[in-house]
Amino acid sequence: MLCIIQSRMNSNRLPNKALTNISGIPLLQRVINKISFSDRVSSIVVATSDKKSDDPIALFCKKNKVKYFRGNLNNVANRFKELLISQEANAFIRINGDSPLIDSNLINIAVDYFKVGTCDIVTNIFPRSFPKGQSVEVLKSETFIKVCDTNLNTEQKEHVTKIYYDFPEKFKILSFTSGGNYSNINMSIDNLFDKEKIKSIINKLKDDNIGWEKLCQFY
């Protein structure tokens, strides 16, 4: 299945976040590496903007032979829509580009749920019970494209799946949970503090494909 990584450079809290160096490896590359452990993923595409500020992401993708797509900076929903049309994908996995510790097994679980159901979206954040940075969503492209053609507000354009959670009665949503509540743990990178914290954890890891539950022990 197609996996789309949402990534941009113009983060206010951590400038040039997408390619910031974490123990010798750029953040975006770490996300790609983690996703690649999933055998449910057939193709990875980085969705970035067509602004000059994101030229470094495009250059990184070219250099490392990673597929990428460029679209509107603020209307991320439309960026995804155009990407999906170009790829002719029936469904897709959405992963944020600030999740260097994403568990590939959660991707597998979400894809498997999607394949056996008839849902518009499979999610593990509605409600959130996994750590931030372990968010996985699998979406039906047909429904998503139709949603993009409606009158989305600014937040729904930027946070592309928000419309599903704003109006859950309009969609077939399948949500899976951790069995507990780990929502207070942050495994994503939003600022310099997050970066240094995750860097220290990565430096202690012996297994690049460690699961989210074992990672919680470091917190």
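Now for a description of the structure that goes with this document. None of these values were measured; they are calculated from a predicted model.

### Focus on helix α2 (residues 55-63)
Each turn of an α-helix holds 3.6 residues, which means side chains three or four residues apart point in the same direction.
And then number 1: Burial in α2 covers these residues: Ile57, Ala58, Phe60 and Cys61. Within α2, the buried residues cover an arc of 160° as seen down the axis, which keeps them to one side. Every exposed residue of α2 that faces more than 90 degrees away from the buried side is listed here: Leu59, Lys62 and Lys63.
And then number 2: Looking at the packing, one finds that the buried side of α2 touches β3 (25-26), α1 (27-35), β4 (43-49) and β5 (67-71).
And then number 3: At the exit of α2 stands Lys65, carrying a positive phi of roughly 55°.

### A few points about the environment of Ser23
And then number 1: Examined against the element boundaries, Ser23 turns out to sit in the loop between β2 (21-22) and β3.
And then number 2: Relative accessible area serves as the criterion here: at 26%, Ser23 is assigned to the partly exposed category.
And then number 3: Ser23 has contacts with Arg30, Lys199, Ile202 and Asn203, leaving out every residue within four places of it along the chain.

### So, the pattern of salt bridges
And then number 1: This structure, assessed with the given rule, holds 10 salt bridges.
And then number 2: In this structure, Asp190 engages Arg13 in a salt bridge whose closest nitrogen and oxygen atoms are separated by 2.7 Å. In this pair, Asp190 is assigned in the loop between β9 (173-175) and α8 (192-202) and Arg13 in the loop between β1 (2-6) and β2, connecting sequence segments 177 residues apart.
And then number 3: Residue Asp190 is classed as buried on the basis of its relative accessible area, which comes to 18%.
And then number 4: Taking relative accessible area as the criterion, Arg13 reaches 57% and is therefore assigned exposed.
And then number 5: Taking the shortest distance from any N to any O, the salt bridge between Asp55 and Arg70 comes out at 2.8 Å. Of the two residues, Asp55 is situated in helix α2 and Arg70 in strand β5; the sequence distance between them amounts to 15 residues.

### Some points on α8
And then number 1: Every buried residue of α8 is accounted for by Asp194, Lys195, Ile198, Ile201 and Ile202. The buried residues of α8 occupy an angular sector of 130° when the element is viewed end-on, so they sit on one face. When the buried face of α8 is taken as reference, the exposed residues oriented beyond 90 degrees from it are Leu192 and Phe193.
And then number 2: Looking at the buried side of α8, the elements it contacts are β2, α1 and α9 (212-216).
And then number 3: Capping the start of α8, Asn191 holds a side-chain oxygen 3.1 Å from the backbone nitrogen of Phe193, two or three residues further along.

### Concerning the state of the cysteines
And then number 1: The tally for this structure, following the rule as stated, stands at zero disulfides.
And then number 2: Not part of a disulfide, Cys3 finds its nearest cysteine sulfur in Cys61, a span of 13 Å.
And then number 3: A relative accessible area of 0% places Cys3 in the buried class.

### What about the layout of surface pockets?
And then number 1: Put simply, the largest pocket is a space of about 990 Å³.
And then number 2: Per-element accounting of the lining of the largest pocket gives the leading share, three residues, to strand β6 (residues 91-96).
And then number 3: The class makeup of the residues in the lining of the largest pocket is nine nonpolar, 15 polar and 12 charged.
And then number 4: Here the second largest pocket is characterised by a volume of approximately 180 Å³.

### Focus on the side chain of Gln156
And then number 1: In this fold, Gln156 is placed in helix α6 (residues 154-158).
And then number 2: Of the residues examined, Gln156 reaches a relative accessible area of 5% and is grouped as buried.
And then number 3: What Gln156 contacts, discounting residues up to four positions off in sequence, is Ala77, Lys162, Ile163, Asp166 and Phe167.

### A closer look at the sheet that holds strand β7 (residues 121-123)
And then number 1: Taken together, the seven strands give an open sheet; going across it, the order is β5-β4-β1-β6-β8-β7-β9, and neighbouring strands pair in mixed fashion. For this open sheet the edge positions go to β5 and β9, each flanked by a neighbour on one side alone. Averaged over all adjacent pairs, the angle separating strand axes in this sheet is 25°, with direction ignored.
And then number 2: Across five bridges, β4 lies against β5 in parallel orientation. The partner of Thr48 across the bridge, within β5, is Arg70.
And then number 3: Running over the sheet, α1 touches β1, β4 and β6 and is turned about 160° from β1.

What counts and what doesn't
Residues numbered from 1 in each chain as written. Predicted model: local features only at pLDDT ≥ 70, side-chain atom pairs only at ≥ 80, totals over all residues. Heavy atoms only, no water. Buried < 20%, exposed > 50% of the residue type's maximum accessible area, 1.4 Å probe, protein only. Helix = DSSP H or I, 4+ residues; strand = E, 2+ residues; numbered from the N terminus. Arc of directions from axis to C-beta. Contact = heavy atoms within 4.5 Å. Salt bridge = Lys/Arg side-chain N within 4 Å of Asp/Glu carboxyl O. Polar contact = N/O pair within 3.5 Å; in protein donor to acceptor, adjacent residues only side chain to side chain. Disulfide = S-S within 2.5 Å. 1 Å grid on protein atoms, 1.4 Å probe; cavity = no way out; pocket = protein on both sides within 12 Å on 5 of 7 lines; lining within 4 Å. Points joined across faces, edges and corners; volume = space filled by probe spheres on them. Nonpolar A, V, L, I, M, F, W, Y, C, P; charged D, E, K, R; others polar. Pairing = 2+ DSSP bridges. Axes fitted to C-alpha atoms, helices over the stretch in contact; angles between N-to-C directions.

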